[in-house]
Amino acid sequence: MGSAAVYHLVRRGLRVLGLERFNIPHHFGSSHGVTRIIRLSYFEHPSYVPLLRRAYELWRELEQQSAERLLHITGSIDAGVPGSAVFEGSRASCEQHGLPHEILTSAEVTRRFPGYRLPAQMMAVLQPQGGFVLPELCISAHVRLAQALGAEIHAREQVAGWEPVAEGIRVRTSRAIYEAAQLVISAGAWVAELAPELKSLAVPERQVFGWLQPKRPEWFAPDRFPVFNIAVEEGHYYGLPVFGVPGFKVGRFHHLEEAINPNTMRRECDSRDEEVLWTFAERYFPNGAGSTMALHTCIFTNTPDGHFIIDRHPQCDRVWIASPCSGHGFKMASVIGEIMADLAERGETRHEISLHRLAARR
Ligand SMILES: Cc1cc2nc3c(=O)[nH]c(=O)nc-3n(C[C@H](O)[C@H](O)[C@H](O)COP(=O)(O)OP(=O)(O)OC[C@H]3O[C@@H](n4cnc5c(N)ncnc54)[C@H](O)[C@@H]3O)c2cc1C
């Protein structure tokens, strides 16, 4: 969110400073791991669809500007038993917004995409524009292009605090003190360190994703394997084709349901973490459940309702917050960057963000 906001602000001719406490990019937060699902069918709420359309446009634009491929289209599968939130929510968003889609039975899914072996009673929405974006490359592209336009960006410089002053905001870091007219806070899992008012609305949670060696690699290639969200009796899982790492990627939403402090979180993975992913893969993607190739931790920052927080700081009208993104925000980083630039520049945006306002949580 931060790299996208810097890019959109500097594009408007504004003087911008971006501050990151770790490296750029890094793997301690929420935006690493080679791939992130992007999809238009949005079971979480149909009101995301217009934001998603703009997010796609902006990723394509970023690809052109950076001359890098950042977005890969595979189609997306959202599956569950009839009545489940994933299946019905996805179908509702497609119908409401006229998105091309097909409703498939479990057998039809396997016929088209042989890596999938879902239970017979499950139904799926196939939306052809789903796919994945490459988070580390997207961050680097935003940063590189922002720098080329004159943004100053510092890695390994931690913001220690901020306060309002007569002309704007004073920010104290591990290295210096800066003053700016407006401040955008997009600190992910650390947001409550910089905006304690959000502590109960932004709860960091340990996640693990893994890559498993497919037994039939040709069935797990991007041209044969749509990204998925699937609600099964073990929970809600997501997955992506083999790309970048030699394995089929899989994760469970809310993994072991461990609320954490991002500064002290257990970052190594163990056999219990592996078991959660492997058991799922063996049952529903038996030809994907070979040897584990890699396991990584990552962090969700959850709001109580699962929707984003995009708003003015409750106590300071020159400070804007773009976090937390409850485990589904990366695909929208491009449009959230544009929204943050609108808000910091003009105090308003043409995008519909009422679902993401703090007032919606009171
Ligand atoms: C396992 C997993 C799978 C996911 N899958 C998907 C998916 O498929 N599709 C999707 O759309 N989304 C997905 N998400 C969610 C998505 O990745 C996140 O919503 C998004 O990356 C959050 O971005 P962010 O900028 O808010 O946080 P981050 O990328 O963590 O950025 C916050 C940054 O602020 C920095 N920072 C914090 N405090 C300070 C400070 N005091 N001073 C300076 N810098 C500071 C941090 O170092 C960090 O770099 C997934 C998340 C996880 C963990």
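Just above sits the structure.
Bear in mind that the values here come from a model prediction, so they are computed numbers and not experimental data.

Draft legend 1. Here's a closer look at the overall build of the protein. Across its full length, the protein holds eight helices and 20 strands. A compact globule built from 362 residues should have a C-alpha radius of gyration of about 21 Å, and the protein, at 20 Å, falls within 12% of that. Over its C-alpha atoms, taken along the principal directions, the protein stretches across nearly 65 × 45 × 45 Å. Counting only residues that meet the buried cut, the protein has 55% of its 362 residues in that class.

Draft legend 2. Just the pairing of strand S14 (residues 227-232), in detail. Burial within S14 is extensive, with five of its six residues counted as buried. In this sheet, S14 lies alongside strand S4 (residues 76-80) in parallel orientation, the contact comprising four bridges. Paired with Ile77 across the bridge in S14 is Phe228. Note that S14 and strand S15 (residues 235-240) share five bridges and pair antiparallel. Opposite Ala231, over in S15, you have His236 as the bridge partner. Between S14 and S15, which pair antiparallel in sequence order, lie two residues.

Draft legend 3. View of the sheet that holds strand S2 (residues 36-38). Spatially, three strands are ordered S2-S7-S3 in an open sheet, and the strand pairing comes out antiparallel. Because the sheet does not close on itself, it has two edges, and the strands there are S2 and strand S3 (71-73). Each adjacent strand pair in this sheet contributes to an overall mean axis angle of 30°, direction not counted.

Draft legend 4. View of the side chain of His351. Positionally, His351 belongs in the segment after helix H8 (333-346). For His351, a relative accessible area of 9% corresponds to the buried category. Among the polar contacts made by the side chain of His351, one reaches the side chain of Glu338 at a distance of 2.8 Å. Contact partners of His351, with chain neighbours within four places excluded, come to Leu51, Arg54, Val335, Glu338, Ile339 and Asp342.

Draft legend 5. Seen up close, the side chain of His8. Turning to its location among the elements, His8 is positioned in helix H1 (residues 2-11). Sequence-distant contacts of His8, that is, excluding residues within four places in its chain, are made with Leu58, Ser334, Gly337, Glu338 and Ala341.

Draft legend 6. Looking closely at the packing of H1 against helix H5 (residues 135-148). Between H1 and H5, the shortest axis-to-axis distance is 8 Å and the interhelical angle comes to 30°. Considered as vectors, H1 and H5 are oriented roughly parallel to each other. Crossing angle aside, the handedness with which H1 passes H5 is left-handed. Of the residues in H5, those in contact with Ser3, Ala4, Val6, Tyr7 and Val10 of H1 are Ile139, His142, Val143, Leu145 and Ala146.

Draft legend 7. Local environment of H1. Across the 10 residues that make up H1, a large majority, eight, are buried. All of the buried residues along H1 are Ser3, Ala4, Ala5, Val6, Tyr7, His8, Leu9 and Val10. Looking at the buried residues of H1, the elements they touch are strand S1 (17-19), helix H2 (48-66), H5, strand S8 (152-154) and H8. Positive backbone phi, at 85°, marks Gly13, one or two positions downstream of H1.

Draft legend 8. Just the pattern of salt bridges, in detail. Counted by the stated rule, this structure contains 27 salt bridges. In this structure, Glu88 engages Arg91 in a salt bridge whose closest nitrogen and oxygen atoms are separated by 3.0 Å. Remark: Arg91 and Glu88 occur in helix H3 (residues 85-97); sequence separation between them is three residues, near one turn of the helix. Note that Arg170 and Glu179 form a salt bridge whose closest N and O atoms lie 2.7 Å from each other.

Draft legend 9. Focus on the environment of Glu282. Along the chain, the position of Glu282 falls in helix H7 (residues 271-284). On the accessibility criterion, Glu282 (42% relative accessible area) is partly exposed. With 73 residues separating them along the chain, Glu282 and Leu355 place their C-alpha atoms 37 Å apart.

Draft legend 10. Looking closely at the packing of H2 against H5. Running from N to C, H2 and H5 point in directions that differ by 60°, and their axes come no closer than 10 Å. Between H2 and H5, the crossing angle belongs to the class labelled oblique. Here H2 and H5 pass one another in a crossing that is left-handed. Contacts between H2 and H5 pair Trp59, Leu62, Gln65 and Ser66 from the former with Cys138, Ala141, His142, Arg144 and Leu145 from the latter.

Conventions and cut-offs
- Residues numbered from 1 in each chain as written.
- Predicted model: local features only at pLDDT ≥ 70, side-chain atom pairs only at ≥ 80, totals over all residues.
- Heavy atoms only, no water.
- Helix = DSSP H or I, 4+ residues; strand = E, 2+ residues; numbered from the N terminus.
- Rg over C-alpha atoms; globule rule 2.2 N^0.38 Å.
- Buried < 20%, exposed > 50% of the residue type's maximum accessible area, 1.4 Å probe, protein only.
- Pairing = 2+ DSSP bridges.
- Axes fitted to C-alpha atoms, helices over the stretch in contact; angles between N-to-C directions.
- Polar contact = N/O pair within 3.5 Å; in protein donor to acceptor, adjacent residues only side chain to side chain.
- Contact = heavy atoms within 4.5 Å.
- Parallel < 35°, antiparallel > 145°, perpendicular 65-115°, else oblique.
- Left-handed = near helix turned anticlockwise from the far one by under 90°.
- Salt bridge = Lys/Arg side-chain N within 4 Å of Asp/Glu carboxyl O.

Remember, this is a structural readout, not a statement about activity or role.
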